[in-house]
Amino acid sequence: MKRTDSFLASSAIRARSPLILLLLLGMVLLAFALYNTARMQAMERIREQADANLSRYIVSLQYQLDRHRDLPRLLANQQQLINLLEHPDDAQSIDIANRYLAWVNTTMGATDSYVLGTDGMTLAASNWEQPHSFIGNDYSFRPYFQQAMEGGAGRYFALGNTSRVRGYFFSYPVLQAGQIIGVAVVKVDLEDIEEDWSDPSQDILVMDEDGVIFISTRAYWRFRTLGYLPETGRSTVRQSYGNHEPQLRQDRPPGSPQAGWLNELDIARITASRRYGQAPLLPLDIIRRELTEQGDLLLTLVDTPDTTSRRLSGRAGQYLLQSRLLPDAGMRVAVLASLRPLQSSLFKTLGLGLTFYLILAALVLFFSARHRMKQHHQAELKQAHEALEQRVRLRTRELTDANQRLQQEIEQHHQTQNQLIQTAKLAVLGQLSAGINHELSQPITAIRHFADNGRKLLTRGKNESVATNLTEIAGLADRMASILQPLREFARPHQETGRGVNLQHLRQGVMVIMGGQLEQQQASIIWPEGLESLWVAGDIGRLEQVLVNLISNALQAMAGQPSPRIEITLDSHPQWVRLSVCDQGPGLSPEALAHVFEPFYTTKPTGMGLGLSISHRIVHSLDGRLEAANHPQGGALFTLTLPSLSPQEHS
Ligand code: ADP
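Only a predicted model underlies this, so the values are computations on that prediction, with no experimental measurement involved. (Residues numbered from 1 in each chain as written. Predicted model: local features only at pLDDT ≥ 70, side-chain atom pairs only at ≥ 80, totals over all residues. Heavy atoms only, no water.)

Caption draft 1: Representation of the pairing of strand 11 (residues 331-338). Where burial is concerned, most of strand 11 is hidden: eight out of the eight residues are buried. One ladder, built from six bridges, connects strand 6 (residues 202-207) with strand 11; its direction is antiparallel. Pairing of Q202 across the sheet is with A337, part of strand 11. Linking strand 10 (residues 316-326) to strand 11, which pair antiparallel, is a turn of four residues; within it G330 sits at a positive phi near 65°. (Buried < 20%, exposed > 50% of the residue type's maximum accessible area, 1.4 Å probe, protein only. Helix = DSSP H or I, 4+ residues; strand = E, 2+ residues; numbered from the N terminus. Pairing = 2+ DSSP bridges.)

Given below as structure tokens:
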């Protein structure tokens, strides 16, 4: 049984395995499609957000810078400053210039404003009163000084040499009679812009031409280098740096994480410019750079700093980098958008999609299993139905055959029974002929006597007496005819029930038949009174046959007795009549009581055992009953019950 179960189970799995494989393939494809679509959509969202952040930041930065861009130019035309530059040692001019610069600085909201001489020395400054005043400082090394000295507007960002605050410097030459006599400088603090930044998943970086980060929303990325950045994304505006276009670093292959990083010479040059003080200008801990098909630059970098080791330690994250050049300002602004939200949204979408798919797949499997079971069940039912039909057909055929055989047997039985009745009748006929012989011998002798006597009377001429004799002869002939009547009735084969039988007529017929035997055995029959008024259904021939049978059996049972006696009693009812035949013989043994009405049951050496069985059948066919019993005072008691007829029915 177990083996069958496991066989069924394994065959079911085998039958379902293509479906399972299909579902698995579907799951893989769905996961792939979901992953790609969700990733593309999430990337698009991040890209858009980065782009918006970048634009917003650039606008804000640009605004901050634009506010002060033309201020040095304005200052360069101020008489107070020209006076100072013409008389750099005049204390009053210095004082006026200082105060003026302080006033302009406060009014315009700049961080610092100052004036340099042609040698780069600070002659006047807005912070002249403060402890770390610029006055007396030499800024000839600053590019913005050099740019102004070349006759143009200068701009530069750097870490403040004295203040240590990052700032953007605007400069403009102060001209007098076509000669550059000094440089006006305005410094704008850029620290605030970082602090206003509010998007935690995206960081802002501002880099110089060398790729050195000098503004970053993450403090530990400041003064580190990002290296070469290709122009990426839709938001990138291809603009030129003009004079300050950064040299692309190609020392290392572009695909490598170190591509475009500064070499020692660059670092020495930048350090010498004192732009970022003594900052070591280490590269960011970039593990991998990749340029996607959509043109996105993806960076994998260590973004959780580990202060104990110098590089490539801590936790790494993947970032989408969007950057844009600000050629006028000589800087590049970039947004580093973390892809961590992308991963979680991807997992969420994948999780949801696959859960839905698994539910769907489970439903598909469930319904396919149910369908299969139903089919299996239906096939079993059909098989059982066919087997049943086959059995029914077989059984029906057997029954039809048996029925046919039974019909034939019944037919044969019927014929046999009719033959037997006829045979038994003939047997009774023997008895009847003996009776008739006995009955007729007396009238014949009487006729003979009347005939002889009549002849003698004729010779004597006594005609009257002859007539009397002839009347007697005619009477005797009638009597003989009536004696022969039962013989005709008896010889006739049995017919349908007649119009009814009068019990007195029945008695007469029986007595004629049995007369000889009764006389021979010196036996007597006691008949009841009132038979002439009673009629029963049936025909006289068959009823005589029944009574003759009962009486002759009784006589046989009493054979040897000196004067055997048979008593017949009557019991009548509107619907039936009962005749009981009682003898004084030995009665019926229990075995005989059980079998007397069965054909061929006999206890007599020469008996046929048919008399009672035929009688029983005759009575039954007349809707009557024939029962056997023993009389309480000894002897057998046969009771014949027949339906009675009213006078209207028999007339
Ligand atoms: P048969 O007379 O040829 O034996 P029956 O059918 O008439 O056949 O009777 C069957 C048997 O019933 C008889 O052999 C006898 O044993 C028993 N039997 C019938 N009538 C009587 C009776 N009046 N007294 C005792 N036995 C009887």
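What follows picks up the thread again.
Caption draft 2: Quick look at the packing of aromatic side chains. On inspection of all chains with the given rule, the structure shows 14 aromatic pairs. For the ring pair F157 and F214, a centre distance of 3.5 Å and an interplane angle of 20° mean the geometry is stacked. Residue F157 is located in strand 3 (residues 154-159), and its partner F214 is located in strand 7 (residues 213-216); the two are separated by 57 residues in the primary sequence. A relative accessible area of 2% means that F214 is categorised as buried. Centroid distance F366 to F367: 5.3 Å. Interplanar angle 70°. Geometry classified as edge-to-face. (Phe/Tyr/Trp six-rings, centres within 6.5 Å; stacked < 30°, edge-to-face > 60°.)

Caption draft 3: Molecular detail of the site of the ligand. Around the ligand, 19 residues are found, and the nearest of them are N553, D583, T602, T603 and K604. Take T602: an N or O atom from its side chain is 2.6 Å from an oxygen atom of the ligand. One of the side-chain nitrogen or oxygen atoms of K604 is found 2.6 Å away from an oxygen atom of the ligand. Coverage of the ligand by the protein chains reaches 91% of its 530 Å² of free accessible surface. Taken together, the elements giving at least two residues each to the shell around the ligand come down to helix 11 (540-557), helix 13 (611-621) and strand 18 (636-645). For the shell around the ligand, the element with the highest residue contribution is helix 11, accounting for three residues. Grouping the amino acids of the shell around the ligand by side-chain chemistry returns 10 nonpolar, seven polar and two charged. (Near = heavy atom within 4 Å. Polar contact = N/O pair within 3.5 Å; in protein donor to acceptor, adjacent residues only side chain to side chain. Areas by Shrake-Rupley, 256 points an atom, 1.4 Å probe, with all protein chains shown as cover. Nonpolar A, V, L, I, M, F, W, Y, C, P; charged D, E, K, R; others polar.)

Caption draft 4: Representation of the sheet that holds strand 4 (residues 166-176) in the model. The strand order across the open sheet formed by five strands is 2-1-5-4-3, and the pairing between neighbours is antiparallel. Each end of this open sheet is capped by a strand with a single partner; those strands are strand 2 (122-125) and strand 3. The average undirected angle you get between the axes of adjacent strands in this sheet is 25°. When strand 4 meets strand 5 (residues 179-189), the two strands line up antiparallel, connected through 10 bridges. Within strand 5, the residue paired with S171 across the bridge is V185. (Axes fitted to C-alpha atoms, helices over the stretch in contact; angles between N-to-C directions.)

Caption draft 5: Layout of the packing of helix 11 against helix 13. In contact at an axis separation of 10 Å, helix 11 and helix 13 are set at 145° when each is read in the N-to-C sense. Pair helix 11 / helix 13 crosses with left-handed handedness. Facing helix 11, whose interface residues are R542, Q545, V546, N549, L550 and N553, helix 13 presents G611, L612, I614, S615, I618, V619 and S621. In the contact of helix 11 with helix 13, the residues fall into six nonpolar, six polar and one charged. (Left-handed = near helix turned anticlockwise from the far one by under 90°. Contact = heavy atoms within 4.5 Å.)

Caption draft 6: Fine view of the nonpolar core. F214, Y276 and M331 are the most contacted members of the largest nonpolar core, which totals 57 residues. Looking at this core element by element, the count peaks at 10 residues for helix 1 (residues 2-69). Among the nonpolar cores identified, the runner-up in size contains 45 residues, and L543, L610, A628 and A636 belong to it. (Core = buried A, V, L, I, M, F, W, Y, C linked by side-chain atoms within 4.5 Å.)

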